[in-house]
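Secondary and tertiary structure notes
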Amino acid sequence: MQGSIGFDTHQQLVGGRWTATASGETLPLINPNDGSLLAEIGRGGAADIDAAVQAAQAALEGDWGRLSAAERGRLLLKMSALVLEQADELARLEALDVGKPLKQGRADAVALARYLEFYGGAADKVHGETIPFANGYTALTLREPHGVTGHIVPWNYPMQIIGRSVGAALAMGNACVLKPAEEACLSALAFGRIAQQAGLPAGALNIVPGLGEEAGAALSAHAGVAHLSFTGSVAVGRLVQAAAARNTIPVTLELGGKSPQIVFADADLDAALPFLVNAGIQNAGQTCSAASRILVERPVFDSVVARMAERYRALRVGPALDDLDVGPLISARQRDIVQGYLGIARDSGLQVAAQASLPASLPAGGCYVAPTLLAPAAPDHRLAQEEIFGPVQVVIPFDGEAEALRIANGTAFGLVAGVWTRDGGRQLRMARKLQCGQVFINNYGAGGGIELPFGGVKQSGHGREKGFEALYGFSSLKTVAIKHD
Ligand code: NAD
């Protein structure tokens, strides 16, 4: 099925060939902008995953495995250049598939290109060491690929997540099997075409779309997979970790979050304001590191809420191709979940400080939710504890550093945190005491910072992707001790 997409969306990439799934079955891909049928994708199953793992194994023993690190790096750089060339088309696919406003999809494509550039450049710069050891020995370490790596990716940032996990895995010489999300996988399929255009050897990257409980579960459980990288929900992360345990293989889990931005009374509020709101509504709030909790010191609480409210009222919501501030959510299901949370807010008396308006002209079948700011919220309210995954933020007042830390650390999650203060000592104390994987001081997100290791603690997961650190995760250390005297 080609339609407006421009390629056969129902195919999968296995061993360098685009083929139908073993069963020939397909799944509908729904356009969240208007609820229409966008395309059909393959419904990959255990047989397709098995073929993909075998193709990856063959690539490791064949052309892909024979490349030097520098040659692998050059291929990634070629892929990076092609992604940049095709960034507008990738953004268009993401607008139709995910409902992401064009400029946000383009930013994702640029980030994917940058990941490939970073990991392409790093491919031949990861090395082992020699170790001072007993007389008569030379001891050294080698960094080797794991082998076949499995990559299970969600729908919210397909390009960025493929860049950080597949990019790093290929740089280290692994062969990848990628299972994109069933709700949105067009950019993943386009990425497979780009890899081929760049000349990536057959089988180094295999892509099998399908349902999580079918293709995803089969990939997690496959005995030929040597490492799993999973990004998604906590519930599925547990299943993937259990499957990895049965094969005793390492797994990286990048899960959900309930990340705070903490605003102290001495902060530069003009600098903070755009970050406070943007980090809640970007990608319609469907971001693992969304700042869904804003903690504000009491002396500036009312003014921060008033200024955030002003921004909320000015937000423009509409179809992704109109490239406004906020597009639709990914699906009717996700929209209903978020509406359910807004119902809980209403029933529990949580006040709406501001809500963007939804224009009457929005397509009837679209999955739109009005961005909503709720304040003041108690730290233990359900909406201040659970990941909503929609354009909804709660604002929580606090008194002093100790209470800010208690509230910030008082959820099951620990992904990222932002702190706004001019006090240098407090910046360092907060950075050390916040329970999470990344802390941003006087900024939030560091512009995506692909060089910066990323991952969570507590229920936000474990393992690190992004930056150089990911290259260690996607490789295995071998020690060699040579007795020569
Ligand atoms: P999800 O867990 O439902 O799905 C993620 C992926 O897992 C999809 O490809 C899906 O097909 C697959 N899957 C589903 N069931 C499976 C199973 N039984 N076995 C193997 N794979 C299975 O998550 P979602 O709703 O698509 O994504 C939203 C979640 O992802 C949120 O919680 C969000 O915070 C999290 N997320 C985290 C990060 C991060 O880097 N920490 C980034 C993006 C999203």
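What counts and how
Residues numbered from 1 in each chain as written. Predicted model: local features only at pLDDT ≥ 70, side-chain atom pairs only at ≥ 80, totals over all residues. Heavy atoms only, no water. Salt bridge = Lys/Arg side-chain N within 4 Å of Asp/Glu carboxyl O. Buried < 20%, exposed > 50% of the residue type's maximum accessible area, 1.4 Å probe, protein only. Core = buried A, V, L, I, M, F, W, Y, C linked by side-chain atoms within 4.5 Å. Contact = heavy atoms within 4.5 Å. Helix = DSSP H or I, 4+ residues; strand = E, 2+ residues; numbered from the N terminus. Expected span 1.5 Å × (residues − 1). Domains from an automatic or database assignment. Buried area = accessible area lost by both parts, 1.4 Å probe. Polar contact = N/O pair within 3.5 Å; in protein donor to acceptor, adjacent residues only side chain to side chain. Phe/Tyr/Trp six-rings, centres within 6.5 Å; stacked < 30°, edge-to-face > 60°. Lys NZ or Arg CZ within 6 Å of the ring centre and 35° of its normal.

A closer look at the pattern of salt bridges
For the structure on display, the rule yields 21 salt bridges. Between D124 and K125 there is a salt bridge, with its nearest N and O atoms 2.7 Å apart. With relative accessibility at 43%, the residue D124 sits in the partly exposed group. Residue D270 is joined to R307 by a salt bridge in which the shortest nitrogen-to-oxygen separation is 2.5 Å.

Focus on the nonpolar core
Residues M79, Y119, L170, L200 and L205 are the most contacted members of the largest nonpolar core, which totals 86 residues. Once residues lying within four places of it in the same chain are set aside, the contact partners of L200 are W64, L75, M79, L170, A195 and L205. Formed by 65 residues, the second largest nonpolar core is a distinct cluster that contains V305, Y368, L374 and A404.

What about unusual backbone geometry?
For the peptide bond that leads from A375 to P376, omega is -5°, which places it in the cis range. Position of P376 relative to the elements: it lies in the loop between β15 (372-374) and α13 (382-385). Of note, N283 is a non-glycine position whose phi angle comes to about 55°, a positive value. Of note, N283 is situated in the loop between α10 (269-281) and β13 (293-297). With relative accessibility at 3%, the residue N283 sits in the buried group.

Describing helix α11 (residues 298-314)
In a regular helix each residue adds 1.5 Å, so 17 residues correspond to 24 Å; α11 covers 25 Å between its end C-alpha atoms and thus fits that length. Every buried residue of α11 is listed here: V300, F301, V304, V305, M308, A309 and Y312. Next to the buried residues of α11 lie α10, β13, β14 (352-355), β15 and β16 (392-398).

Some details on the domain arrangement of the protein
Considered domain by domain, the protein is made up of domain 1 (2-255 + 463-480) and domain 2 (260-449). Computed from C-alpha atoms alone, the centre-to-centre distance between domain 1 and domain 2 is 30 Å. Contact with domain 1, which involves 24 residues of that partner, is made by 28 residues of domain 2. Taken together, the two surfaces of domain 1 and domain 2 that pack against each other cover about 2,000 Å², and 54% of this comes from carbon and sulfur. For the domain 1 face of the interface with domain 2, the top three residues by lost area are N33, W155 and Y157, together amounting to 26%. Linking domain 1 to domain 2 there are one salt bridge. A salt bridge links D323 to K103; the shortest N-O distance between them is 3.4 Å. Across the domain 1-domain 2 interface, the total number found is 15 residue pairs in polar contact (both at pLDDT 80 or more). Here the side of domain 1 that touches domain 2 takes four residues from helix α4 (residues 87-97), the largest share from any one element.

Structural notes on the packing of aromatic side chains
Inspection of the entire model under this criterion finds eight aromatic pairs. A centroid spacing of 6.4 Å and a plane angle of 5° characterise the contact between Y115 and Y119, whose relative ring orientation is stacked. With a gap of four residues between them, Y115 and Y119 both fall in helix α5 (residues 102-122), about one helical turn apart. The burial state of Y115 is the same as that of Y119; both residues are buried. Where F133 meets Y137, the ring centres are 5.0 Å apart and the plane angle is 70°; that geometry is what we call edge-to-face. Here F133 falls in the exposed class, since its relative accessible area comes to 52%. Note on Y137: relative accessible area 33%, which makes it partly exposed. Feature note: the residues Y115, F118 and Y119 constitute an aromatic cluster, connected by ring pairs. The ring of F264 has R426 sitting right over it, with the charged end atom 4.1 Å from the ring centre.

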